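Descriptive structure summary
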Amino acid sequence: MQSIERLKPMLQEEPCALSTPCYVYSVSAVERNFKALKQALGTQLIYSFKANSNLELMVRCGHIFTDGIELASQGELGLMATGKAPRYINNPSADKNFLRAAIASKAQIIIDHPAQLEVMKDFVGKRPIAPLILRLNPCVLSDYDPQPSLRANHFGMDWPLLQQAINRCQQLQLEVGGVHLFTGSYQFERHAISTAQAALQCVERIQQLLDGPLNFLNLGGGFDEHWQQNDFDFEQYRHLLAEFPSHVTLAHESGRGIMASAGHFVTKVRYTKTIEDRHYAICDGGMAQNFLLAQTENTFRRYAQPTVVHNTTPAGHTGTWLLAGTSCNKDDLIGQLNDASIGVGDFAIFADCGAYNASYTVSPFLNLPTANTYIVE
Ligand SMILES: *Cc1c(COP(=O)(O)O)cnc(C)c1O
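Model, not experiment: these values are computed from the prediction.

1. Some remarks on the overall build of the chain
Helix and strand counts for the chain come out as 10 helices and 16 strands. Counting over 377 residues, the chain shows a buried share of 51%. In the structure as shown, the chain presents an accessible area of about 17700 Å², 49% of it carried by carbon and sulfur atoms. Here the chain contributes 29 positively and 36 negatively charged side chains, and the mean placements of these two sets differ by 7 Å.

Here it is in structure tokens:
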């Protein structure tokens, strides 16, 4: 297939081309999103692997993620054990095995708290250890941010822990390569300016603690799936970033903002039925292949509205349809159509399924089949 724009016409012309349920990922869409975001930020851009860890896609995107890939588990590190791009590992629960594996595969370790340094201690002098990145809790900004409104979380260090970690690194002769900050998913627009302003003021304090220059600062991200359509002023943001001392290499990281719009989920209608005027399309895929579509984590469910490709028979009633999956779970409803019709054999194409939809689906339940994956240019 040439591109994702071809998905709909292709299914019309060739209904057997894809085996459903499936994900379709577009390499060129990943590349477009990545380049656009990197350009908008004017900094390094690190890919957060947990958003989409499909290996074939990673191989095809190898030339894109040259600023680095952030890995959150030993399993993820195993998948990305080699490669030219810098690899960062980041997890407050990283244990000795994970840290050993990270050192062995020359990844850069993001230290979440001083106790991880005590685990690192045993590796000092045995193998070269890449300069460590120290993760800050967003609360460090609150001294400098006039309107701190971030929800508390358990990641990284406050000032006393940071001081402790830096002291311990000095004692253990572990080099500190920089600091890392992440205010959370979906937080960028709301907090980017105040985060950068506060971070600017933190640099001096961090350098005093380090007793040397801060070389690397990851400002996190938390970009929406459609960050391009928001009216965030990237130009103003870049001007603000230009105020950082030139020896500080700046980075951001993103999963959703790069991957979400680069993936589609396709399922096919097996049956239709109507219960008390409510129309249901029973599909061959649902929450067992795409957990997020079922919106079980949202109080107010606003189901995704897929694009329908009519395939065979005349479609059913025109009205409101709920699309159901295969898992015998009453919450396995993945989409809604309003004032539309859908029939047996039709395809439902869900956009924005490139980030977390596949990777956040955990389901050995009922031994249902996993979704197929297709990679397109
Ligand atoms: C998950 C994660 C990200 C990516 O979040 P998105 O919302 O997908 O951009 C970035 N940084 C850290 C530390 C993360 O844990």
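2. Digging into the layout of surface pockets
There is about 1000 Å³ of room inside the largest pocket. Lining the largest pocket we find 35 residues, and of these Lys50, Phe155, Phe182, Gly184 and Ser185 sit closest to its centre. Only α8 (188-210), β9 (249-254) and α10 (256-259) provide two or more residues apiece to the lining of the largest pocket. Partitioned by chemical class, the residues of the lining of the largest pocket number 11 nonpolar, 16 polar and eight charged. Each pocket or cavity is described by its volume, and for the second largest pocket that value is around 690 Å³. Forming the boundary of the second largest pocket are 25 residues, of which Tyr186, Glu225, Leu292, Gln295 and Asn298 lie nearest the centre. A breakdown of the residues in the lining of the second largest pocket according to their chemical character gives 13 nonpolar, seven polar and five charged. Here the lining of the second largest pocket spans two domains, and each of domain 1 (2-23 + 260-376) and domain 2 (27-259) adds at least three residues to it.

3. With respect to the nonpolar core
In this structure, Phe65, Leu134 and Tyr237 are the most contacted members of the largest nonpolar core, which totals 98 residues. The dominant element in this core, judged by the number of residues it contributes, is α8, at 12 residues. Tyr237 has contacts with Leu41, Phe188, Ala192, Ile193, Ala196, Leu219, Phe232 and His252, leaving out every residue within four places of it along the chain. Membership of the second largest hydrophobic core comes to 11 residues, among which are Leu11, Val24, Val309 and Ile349.

4. Brief notes about the sheet that holds strand β2 (residues 44-48)
On the basis of which strands lie adjacent, the closed barrel formed by eight strands has the order β2-β3-β4-β5-β6-β7-β8-β9 and parallel pairing. Within the sheet, the average angular offset between the axes of one strand and its neighbour, ignoring direction, is 30°. Across four bridges, strand β8 (residues 216-221) lies against β9 in parallel orientation. Considered in β9, the bridge of Gly221 is made with Glu253. Along the sheet, helix α2 (residues 27-41) makes contact with β2 and β9, crossing β2 at roughly 140°. Here helix α7 (residues 159-172) sits on the sheet and contacts β6 (132-136) and β7 (176-181); the angle it forms with β6, its principal contact strand, is near 165°.

5. A few points about the UniProt feature "modified residue: N6-(pyridoxal phosphate)lysine" (unreviewed entry) in the chain
Here the UniProt feature "modified residue: N6-(pyridoxal phosphate)lysine" (unreviewed entry) sits at Lys50. Among the secondary structure elements, Lys50 is positioned in the loop between β2 and α3 (55-60).

6. Looking at the packing of α7 against α8
A packed helix pair is summarised by two numbers, namely the angle formed by the two axes and the spacing between the axes. Contact geometry for α7 and α8: axes closest at 9 Å, N-to-C directions at 35°. As α7 runs across α8, the sense of the crossing is right-handed. Contacts between α7 and α8 involve Trp159, Leu162, Gln163, Ile166 and Gln170 on the former and, on the latter, Cys202, Arg205, Ile206, Leu209 and Leu210. A breakdown of the residues in the contact of α7 with α8 according to their chemical character gives seven nonpolar, two polar and one charged.

7. Here's the deal with the packing of aromatic side chains
Inspection of every chain in the model, using the stated rule, returns 14 aromatic pairs. Ring centres 5.2 Å apart and planes at 90° place the aromatic pair Phe188 and Tyr237 in the edge-to-face group. Note that Phe188 is positioned in helix α8 and Tyr237 in helix α9 (residues 234-241), a separation of 49 residues in sequence. Take Tyr237: its relative accessible area is 2%, and that puts it in the buried class. Linked through ring pairs, Phe188, Phe223, Trp227, Phe232, Phe234 and Tyr237 together constitute an aromatic cluster.

About the criteria used
- Residues numbered from 1 in each chain as written.
- Predicted model: local features only at pLDDT ≥ 70, side-chain atom pairs only at ≥ 80, totals over all residues.
- Heavy atoms only, no water.
- Helix = DSSP H or I, 4+ residues; strand = E, 2+ residues; numbered from the N terminus.
- Buried < 20%, exposed > 50% of the residue type's maximum accessible area, 1.4 Å probe, protein only.
- Areas by Shrake-Rupley, 256 points an atom, 1.4 Å probe, with all protein chains shown as cover.
- Lys, Arg positive; Asp, Glu negative; His and termini not counted.
- Charge placed at Lys NZ, Arg CZ, Asp CG, Glu CD.
- 1 Å grid on protein atoms, 1.4 Å probe; cavity = no way out; pocket = protein on both sides within 12 Å on 5 of 7 lines; lining within 4 Å.
- Points joined across faces, edges and corners; volume = space filled by probe spheres on them.
- Nonpolar A, V, L, I, M, F, W, Y, C, P; charged D, E, K, R; others polar.
- Domains from an automatic or database assignment.
- Core = buried A, V, L, I, M, F, W, Y, C linked by side-chain atoms within 4.5 Å.
- Contact = heavy atoms within 4.5 Å.
- Pairing = 2+ DSSP bridges.
- Axes fitted to C-alpha atoms, helices over the stretch in contact; angles between N-to-C directions.
- UniProt positions renumbered as here; feature names shortened; annotations may be inferred.
- Left-handed = near helix turned anticlockwise from the far one by under 90°.
- Phe/Tyr/Trp six-rings, centres within 6.5 Å; stacked < 30°, edge-to-face > 60°.

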